[in-house]
Amino acid sequence: MSLKDDLWFDPSKCLIGGRWVAAEGGDTLPLIDPSTGGEIGQIARGRAADVEAAVAAGRRAYDSVWSRVPAADRGRLLMKLGRLVEAKVDILARLEAWDVGKPLAQARADALALARYCEFYGGAADKLMGETIPYLDGYTVYTLREPHGVTAHIVPWNYPMQIIGRSVGAALAAGNACVLKPAEEACLTALGFADLAREAGLPDGVLNVVPGLGAEAGAALAGQDGVDHISFTGSVATGVKIQTAAAQNVKPVTLELGGKSPQIVFDDADIDAALPFLVRAGVQNAGQTCSASSRILVQKGAYAEVAARMAEAYGSLRVGRAMADLDVGPLISARQKGLVSGFLEQGADLEMAARGRLEDAPEGGHFLAPTLFAGVSPEHPLARDEIFGPVQVLIPFEDEAEAVTIANGTDYGLVASVWTREGARQMRMAKAVRAGQVFINNYGAGGGVELPFGGMGKSGHGREKGFEALYGFTTLKTVASLHG
Ligand code: NAD
């Protein structure tokens, strides 16, 4: 079976104003299968002219049609789109497996999450309300939650379907027209999703997709004055560029950036329950997860048991081609493999507790065996920097105060978990740890459509997912009527 068997659209085109069009100049970029390193197709290389056309199409669609569509009808349309996604769940999963190298079962979970986002935001579209405000005698004052207009969505390659669901899904529900710039490494499901949106009846121009390089299409979109809001998910370095570009046009920005998320295991934790979460949250999607739990902090009394059992679990991790659907797939690119290998070299002085094994890993694929380091100091680069690969470090700690200091000791603050049976400690830790999400006796890397998600510190600002996202994709107008 080849990628062509799964494609029902032309991936070398952009979708602008409801039409599939080649990027201006007809340029394309190679589409690489991370499982083999081989070229399996071409995608459009959009540039500034394509982005301008997409933003203009979004504006026309917003002004002429979309801004007048009742919220309940927007919601029905999104729910229909969710059903279309669900009907194609296996094909979308295979597209993601070809494109991202994600093992099929993990890719299928992403496709189901995309359908669920459409259902959730479809149901929420007509429940987004303003307030009435008590004011002076003779006045009636109320607020209106209005869409921004045209929103830009710049997304990374690691979870395209989930990130498109949470950002484009919420923006459409709130009444915006969207321009989506998927990552150059992985844009197939973005294009497939936009085609399904047409099939669901989304008016032409309400969702436009322009694939292309970050420095070309991405930078052009971030710098567009015609865009009213920018949602960006990706690295800190690019986030800084996007916010700087947006500032020139005074545009609001949501930044969903990186993380170094800890799981904190106390002596009284239920280790049987914790173990699958401790390992999976580090190696899921080959560790290329913003909310990957790359630091495991363990209290000294439980440390030996947790270290031994995690090492045993690592020993049984199998790595291979996405289509072989093993525990861990390849990294997205040779570049990413090089970056993670650099971190592994920095860990040469550390105690390597265990590694997974390459089982079905073709020559040329971007594979790395998952690696667990033990007894790591919180000051070590592998304990502080985002690695974005299948690497976890075990860090011992003495007591609650030290756990909080270590947990809060990086630049990031995306997700954390606390494993303890003691109720009061659960509450204290939830307050003390600096993170946008804190899980108690579980860990939800990437999951939870309903749960507001976003960072503190260099993990970013603004919230996506849940109902909270709808506030970010709207702006508030206050109406004060003096009627005597
Ligand atoms: P990246 O910042 O390189 O790319 C992300 C997107 O930005 C891509 O579409 C890319 O083309 C575009 N881009 C790159 N340069 C640009 C520029 N100058 N102007 C405008 N757009 C540009 O990130 P990546 O390597 O694709 O993703 C990995 C990073 O993303 C990690 O740090 C990870 O933690 C983070 N991430 C965060 C979340 C979250 O929700 N917080 C989710 C997934 C990934």
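In short, a report on the structure. (Residues numbered from 1 in each chain as written. Predicted model: local features only at pLDDT ≥ 70, side-chain atom pairs only at ≥ 80, totals over all residues. Heavy atoms only, no water.)

## Some remarks on the overall build of the chain
Next, step 1: Counting its secondary structure elements, the chain contains 16 helices and 22 strands.
Next, step 2: Computed over the C-alpha atoms, the radius of gyration of the chain is 23 Å, within 12% of the 23 Å expected from 2.2 N^0.38 for a compact globule of 484 residues.
Next, step 3: Along the longest, intermediate and shortest principal axes, the C-alpha atoms of the chain span 70 × 65 × 40 Å.
Next, step 4: Looking at the 484 residues of the chain, the share that counts as buried comes to 57%.
Next, step 5: Nonlocal contacts in the chain, meaning residues at least 24 apart in sequence, comprise 75% of its contacts between residues at least 6 apart.
Next, step 6: Roughly 18200 Å² of accessible area belongs to the chain as shown, and the carbon and sulfur atoms make up 53% of that amount.
Next, step 7: Charge-centre separation for the chain: the mean point of 45 positive side chains lies 3 Å from the mean point of 56 negative side chains. (Helix = DSSP H or I, 4+ residues; strand = E, 2+ residues; numbered from the N terminus. Rg over C-alpha atoms; globule rule 2.2 N^0.38 Å. Buried < 20%, exposed > 50% of the residue type's maximum accessible area, 1.4 Å probe, protein only. Contact = heavy atoms within 4.5 Å. Areas by Shrake-Rupley, 256 points an atom, 1.4 Å probe, with all protein chains shown as cover. Lys, Arg positive; Asp, Glu negative; His and termini not counted. Charge placed at Lys NZ, Arg CZ, Asp CG, Glu CD.)

## Comments concerning the sheet that holds strand 22 (residues 474-482)
Backbone hydrogen bonds hold the strands of a sheet together, and the pairing may be parallel or antiparallel.
Next, step 1: Strand order in this open sheet of 3 strands is 5-6-22, and the pairing throughout is antiparallel. The open sheet terminates on both sides in strands that have one partner only, identified here as strand 5 (132-133) and strand 22.
Next, step 2: Two elements, strand 5 and strand 6 (residues 139-147), share 2 bridges in a ladder whose sense is antiparallel. Across the sheet, Ile 133 pairs through a bridge with Val 141, a residue of strand 6. (Pairing = 2+ DSSP bridges.)

## Some details on the site of the ligand
Next, step 1: Close contacts around the ligand come from 29 residues, with Lys 181, Glu 184, Ser 235, Leu 257 and Glu 386 the closest.
Next, step 2: Between an oxygen atom of the ligand and a side-chain N or O atom of Trp 157, the distance comes to 2.8 Å.
Next, step 3: For the ligand, an oxygen atom lies 2.7 Å from a polar atom in the side chain of Ser 235.
Next, step 4: Against a free-state accessible area of 850 Å², the protein chains account for coverage of 90% of the ligand.
Next, step 5: Of all the secondary-structure elements, those providing two or more residues to the shell around the ligand are helix 6 (160-173), helix 8 (214-222), strand 10 (229-233) and helix 9 (236-248).
Next, step 6: Tallied by class, the residues present in the shell around the ligand amount to 15 nonpolar, 8 polar and 6 charged.
Next, step 7: Looking at which domains feed residues into the shell around the ligand, each of domain 1 (3-257 + 462-478) and domain 2 (262-447) supplies at least three. (Near = heavy atom within 4 Å. Polar contact = N/O pair within 3.5 Å; in protein donor to acceptor, adjacent residues only side chain to side chain. Nonpolar A, V, L, I, M, F, W, Y, C, P; charged D, E, K, R; others polar. Domains from an automatic or database assignment.)

That is the geometry; function is a separate question.
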